[in-house]
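# Notes for the structure review
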Amino acid sequence: MEQTWWGDRGQLVRLDAAEGSSSSGCVAVSRLGGAQAGSDLFTIWVQLRGASWVEAKEGRFRLRRGQWIALERDSKPLVQSDRYGLCIGVVLNSDGMKAMARFADGPLYAGRGRLGRRDALTLLRLWRAASERGAEGTDTYALRPLLLHFAAVQQELDGYIQRCPGRSRTRKRQVFGRLQRARLYLEGNCDRVVRISELAELTSFSSWYFSRTFYSLYDESPQAAAARLRLEHAADLLRSTSMMVGEVAAASGFDNCCSFARAFRARFGTSASRYRSATVTSRTDSAKSSGVGRKAVLKTGT
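Now for a quick tour of the structure. Everything numeric in this text was worked out from a predicted model, so none of it was measured.

### Structural notes on helix α8 (residues 222-240)
- The first and last C-alpha atoms of α8 sit 27 Å apart over 19 residues, in line with the 27 Å expected at 1.5 Å per residue.
- Taken together, the buried positions of α8 are occupied by Pro222, Ala225, Ala226, Arg228, Leu229, Arg230, Leu231, Ala234, Ala235, Asp236, Leu237 and Leu238.

### Quick look at the layout of surface pockets
- By volume, the largest pocket amounts to about 940 Å³.
- Lining the largest pocket are 34 residues, with Phe61, Arg112, Glu187, Cys190 and His233 sitting closest to its centre.
- Every element with two or more residues in the lining of the largest pocket is listed here: β7 (59-64), β8 (67-71), β11 (111-114), α5 (169-188) and α8.
- For the lining of the largest pocket, the element with the highest residue contribution is α8, accounting for nine residues.
- Of the pockets and cavities examined, the second largest pocket occupies roughly 400 Å³.

### What to know about empty space enclosed by the protein
- Tallied over the full model, the rule gives one cavity of 30 Å³ or more.
- Considered as a void within the structure, the largest cavity measures approximately 60 Å³ in volume.
- Residue lining of the largest cavity: Ile44, Val46, Ile88, Gly89, Val90, Leu123, Trp127, Leu146 and Phe150, and that is the complete set.
- Of the residues forming the lining of the largest cavity, the biggest block, three residues, is contributed by strand β10 (residues 86-92).
- Across the lining of the largest cavity, the residue classes break down as eight nonpolar, one polar and no charged.

Conventions adopted
- Residues numbered from 1 in each chain as written.
- Predicted model: local features only at pLDDT ≥ 70, side-chain atom pairs only at ≥ 80, totals over all residues.
- Heavy atoms only, no water.
- Helix = DSSP H or I, 4+ residues; strand = E, 2+ residues; numbered from the N terminus.
- Expected span 1.5 Å × (residues − 1).
- Buried < 20%, exposed > 50% of the residue type's maximum accessible area, 1.4 Å probe, protein only.
- 1 Å grid on protein atoms, 1.4 Å probe; cavity = no way out; pocket = protein on both sides within 12 Å on 5 of 7 lines; lining within 4 Å.
- Points joined across faces, edges and corners; volume = space filled by probe spheres on them.
- Nonpolar A, V, L, I, M, F, W, Y, C, P; charged D, E, K, R; others polar.

So yeah, pure geometry; function would need other evidence.
Written out as structure tokens, the structure reads:
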């Protein structure tokens, strides 16, 4: 059975397939609303407006406009929208996942990405159609167009699947699904140093096998990927917050400012302070140019 849930204006909706209180269906959160998914639910979330925070077993993520995230069935995500946010999603229980396997070429995978404007509008239209049919009590097949569209969005991952070890395509997909989750775990824990043993335990691989397979798939070691993601997280904090450089370093998992300064300069070719100043200058120039453009339109009347 398909259903539709909506957490709006501070309301929190709970989805728990383990208690039999929910099934596959559509969900949305907006204007400080939230949704808590229970166990045995594969979830997909797409941010259409504003921003949302996602807290799951894989870590903590911030979804901005046009971004999507897919989470495995035991992730138990809590999605919270900001004041102006709108985030739509799909939840699939075990029966829904089996139905997806029947009418799609392959499974859906955990991960993060960005949608183009056309794909986002198409997905919103399909989500609305599925939610309207869900209100009528239709089965999981009402979600088929929406899920097929999202599967098409994930087609860019096919090249990675071919590089995974395994004799059969099924085995390759299993390995890829585990590694995608490990990569998502690194993204969700950019505020600290993640140990290889944590990632190996998450994927049920040995540390040696995980490190070798991760490198062969993503062309960088787990340690290098973790360091890169932490520095990109620091750069995002410098751009979007007023935190001091020392606070940014601590929030990105660095023990002291000196190690952070060396790593940041090696990555971006400039100091953290100059990086922030350049970002502020760029924004100011962009705002001025847009203001001049608006004045020109008003004067000319075009």
